[in-house]
Structure formats: structure tokens, C-alpha cells
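Spelled out from the first residue to the last, the chains are:
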Amino acid sequence: MIQLDEKWLSQQGITGLSTDDAQSLLQHLYSELELRVGMRLSENLTDAQLAEFEEITNRGDEEAAFTWLETNCPDYKEVVQQELEKLATELRANKDKILGAAPAE
């Protein structure tokens with residue numbers, strides 16, 4: 001399971017943010033990761049498969065969603081890891097801009 005938390009941010013060189021700023025950034029990163037993974041996985045799915053997965057996720061059944069992914073996208077964990085690494089690289093590359101934009105405590 002991916003652990004996007006303040007420790008992970010620190011590992012990327014993002015330190016000194018207020019708790020609120022860190023949580024806001026983490027929420028943004030998690031949403032971005034979901035979007036990127038979804039885009040990559042959807043490239044190899046049919047419209048019917050996409051509709052089926054959307055129906056499962058709309059129900060909020062996380063266990064069924066993971067089972068569906070394991071069946072229909074067996075490489076999804078690898079895709080998640082690849083996209084997380086890309087996001088981490090982008091975060092490290094923009095750390096000065098991110099930290100400069102954060103209000104001083």
C-alpha cells in the first residue's frame with residue numbers, strides 16, 4: 001500500500017510545511033496519482049470494462065475494486081509505482097518553488 005504522508009514528503013526534500021499545507025499538498029498529490037494511474041490503465045481497457053470499473057468504484061467497494069484490478073489489470077501495482085516515481089521526481093525538481101510558495105510559519 002502506498003503511504004503518502006509527511007514522512008514521504010520529507011524523503012522528497014519537502015520539509016518545514018505547516019500541517020495544513022502538508023495535508024493540502026498530499027491530497028493534491030494523491031488525486032494527481034489517481035488521475036495518472038487511471039489514464040494509464042484505461043489505455044488498455046474496453047469501454048465496457050471502464051463502465052464496469054466505474055460502477056464498482058461508485059459503490060465505494062474498495063475490496064471489489066482491487067479484485068477487479070487484479071483480474072483486469074494485473075500490472076496495476078507496477079503502474080502505480082511507476083507513476084509514483086514520476087510524481088516524486090517532479091516534486092523533487094520543484095521543491096524550491098513549492099517551499100517558496102508555502103507561507104512562513
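Residues numbered from 1 in each chain as written. Predicted model: local features only at pLDDT ≥ 70, side-chain atom pairs only at ≥ 80, totals over all residues. Heavy atoms only, no water.

Participant: Help me understand the packing of aromatic side chains, please; the structure alone is not making it clear to me.
Facilitator: In this description, a pair of aromatic rings is defined by centroid distance and the angle of the planes. Applying the stated criterion to the full structure yields two aromatic pairs. Between Phe66 and Tyr76, the ring centres sit 6.4 Å apart and the planes meet at 35 degrees, which makes this aromatic pair tilted. Of the two residues, Phe66 sits in helix H4 (residues 62-72) while Tyr76 sits in helix H5 (residues 76-93), which places them ten residues apart along the sequence. (Phe/Tyr/Trp six-rings, centres within 6.5 Å; stacked < 30°, edge-to-face > 60°. Helix = DSSP H or I, 4+ residues; strand = E, 2+ residues; numbered from the N terminus.)

Participant: Explain the pattern of salt bridges to me, please; I cannot follow it from the model alone.
Facilitator: Any two side chains of opposite charge can pair if their charged atoms end up close together. In the structure shown here, the tally under the stated rule is six salt bridges. Residue Arg40 is joined to Glu83 by a salt bridge in which the shortest nitrogen-to-oxygen separation is 2.7 Å. Here Glu83 lies in helix H5 and Arg40 lies in helix H2 (residues 19-42), a separation of 43 residues in the sequence. Linking Arg59 and Asp61 is a salt bridge whose minimum nitrogen-to-oxygen distance equals 4.0 Å. Take Asp61: its relative accessible area is 32%, and that puts it in the partly exposed class. Connected through shared salt-bridge partners, Glu32, Arg36 and Glu90 make up one network. (Salt bridge = Lys/Arg side-chain N within 4 Å of Asp/Glu carboxyl O. Buried < 20%, exposed > 50% of the residue type's maximum accessible area, 1.4 Å probe, protein only.)

That's the geometry; what it means functionally is another story.
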